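Here is how the chains run, residue by residue.
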Amino acid sequence: MILLMNLLNLSWIDKLDIERVLTPDIKDHINSLTIMLMQETERFNKLLIIIKTSLEQLKKAIKGFVVMSEELENVYNAFLNNHVPELWARNAYPSLKSLASWVKDLIMRCCFIDNWINNGPPKSFWLSGFFFPQGFLTGTHLSSTD
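Everything in this summary refers to the structure shown in the same document. All of these numbers come straight from a predicted model, not from anything done at the bench.

1. Observations concerning the overall build of the protein chain
Right, on to step 1. Along its length, the protein chain carries 6 helices and 0 strands.
Right, on to step 2. Scanning the protein chain from its N terminus toward the C terminus, one meets helices and strands in the order α-α-α-α-α-α.
Right, on to step 3. Per-residue burial over the protein chain gives 36% buried out of 146 residues.
Right, on to step 4. Considering only contacts in the protein chain between residues 6 or more positions apart, those separated by 24 or more positions represent 59%.
Right, on to step 5. By element, 56% of the accessible surface of the protein chain is carried by carbon and sulfur atoms, the whole surface being about 8,900 Å².

In C-alpha cells, the structure reads:
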C-alpha cells in the first residue's frame, strides 16, 4: 500500500525531452543512433503518459470525484497484488517483474535515456534497457557504415 501512495504522488513522472535529441550534425544529417534514441524516447513518453493519466484518474476515483471504471479497478487490484497493471504492461517493454521492481526498473531506464539525451551517448549501453534492443543493434550497425 505504501508503494501505491508513492505512485499516486506522481512526482517521479516526467516526459523525456525529445526535442533535445534532434540535433543534426555539420552535414545536416541525423545519425542512426539518434533516430533510434528518438524512437525509444517516444515509446517511453507514451508509457509515462499512460501511467500518469491512469494514476491521476485512480486518485480521483479513490477520492470519489470520478466513477471507478473497470480498468481503474484492475489497476487498483494490480497494486494490491504487487502486479504491473495490464493497462501499463500492454504499452511497456516485456517484463516478469513485480510492480515494485518494475517501477524501479522503469525509473532506471528513463534515467538512462535522459542521461543519454542530456550528456550524449554513454561509453557503454544498457542493451536490455531499451524497448526494442534490435533497433539499437541496427542503429549501431548503420552508424558504423556512415
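2. Examining the packing of aromatic side chains
Right, on to step 1. The full count for this structure, using the stated rule, is 13 aromatic pairs.
Right, on to step 2. With a centroid separation of 5.6 Å and an interplanar angle of 65°, the aromatic rings of Phe79 and Trp88 are classed as edge-to-face.
Right, on to step 3. Since its relative accessible area comes to 0%, Trp88 is described here as buried.
Right, on to step 4. An aromatic cluster of three or more residues is present, and its members are Phe44, Phe79, Trp88, Tyr93, Trp102 and Phe131.

3. Description of the state of the cysteines
Right, on to step 1. On inspection of all chains with the given rule, the structure shows 0 disulfides.
Right, on to step 2. Cys110 takes part in no disulfide bond, and the closest cysteine sulfur, belonging to Cys111, lies 7.1 Å away.
Right, on to step 3. Among the residues examined, Cys110 registers a relative accessible area of 12% and is labelled buried.

4. Some remarks on the nonpolar core
One recurring pattern in soluble globular proteins is that nonpolar side chains are buried together.
Right, on to step 1. Core analysis: the biggest nonpolar cluster contains 32 residues, and Trp88, Trp102 and Leu106 have the highest contact counts within it.
Right, on to step 2. If one sorts the elements of this core by residue count, helix 2 (residues 32-63) sits on top with 11 residues.

5. What about the packing of helix 2 against helix 5 (residues 99-119)?
Right, on to step 1. Running from amino to carboxyl end, helix 2 crosses helix 5 at an angle of 140°, the nearest separation of the two axes being 11 Å. Put simply, helix 2 runs oblique to helix 5. The hand of the helix 2/helix 5 crossing is left-handed. From helix 2, Leu33, Met36, Leu37, Glu40, Thr41, Phe44, Leu47, Leu48 and Ile51 reach across to helix 5, where they touch Trp102, Leu106, Arg109, Cys110, Ile113, Trp116 and Ile117.
Right, on to step 2. When the residues that make up the contact of helix 2 with helix 5 are grouped by side-chain class, the tally is 13 nonpolar, 1 polar and 2 charged.

Scoring rules and cut-offs
- By convention here, each chain's residues receive numbers from 1 onward along its written sequence.
- Owing to the predicted nature of the model, reporting of local features is limited to residues with pLDDT of at least 70; listing and counting of side-chain atom pairs is limited to 80 or more, with chain, interface and lining totals taken over all residues.
- Note that the side-chain values use all heavy atoms of the structure and ignore hydrogens as well as water.
- Secondary structure follows DSSP: runs of H or I at least 4 residues long count as helices, runs of E at least 2 residues long count as strands, and numbering of each begins at the N terminus.
- Burial classification: accessible surface area is computed with a 1.4 Å probe over protein chains only, and a residue below 20% of its type maximum counts as buried, one above 50% as exposed, and the rest as partly exposed.
- For this analysis, residues touch if any pair of their heavy atoms sits within 4.5 Å.
- Using a 1.4 Å probe, the Shrake-Rupley method yields the accessible areas, and only the shown protein chains count as cover for residues.
- Centres within 6.5 Å make a pair out of two Phe, Tyr or Trp rings, where for Trp the six-membered ring is used; the pair is then stacked when the planes are under 30 degrees apart, edge-to-face when over 60, and tilted otherwise.
- Cysteine sulfur atoms are paired as a disulfide whenever they fall within 2.5 Å.
- Nonpolar cores are built from buried Ala, Val, Leu, Ile, Met, Phe, Trp, Tyr and Cys residues. Side-chain atoms within 4.5 Å join them into one set.
- Inter-axis angles, ranging from 0 to 180 degrees, are taken between N-to-C directions of lines fitted to C-alpha atoms, where helices are fitted over the stretch in contact.
- Angles below 35 degrees are treated as roughly parallel, those above 145 as roughly antiparallel, those between 65 and 115 as roughly perpendicular, and all remaining angles as oblique.
- By convention the crossing between two helices is left-handed if the near helix lies anticlockwise of the far one by an angle smaller than a right angle, and right-handed if it lies clockwise.
- As a working rule, the residues Ala, Val, Leu, Ile, Met, Phe, Trp, Tyr, Cys and Pro are called nonpolar, Asp, Glu, Lys and Arg charged, and the rest polar, with Gly in that last group.

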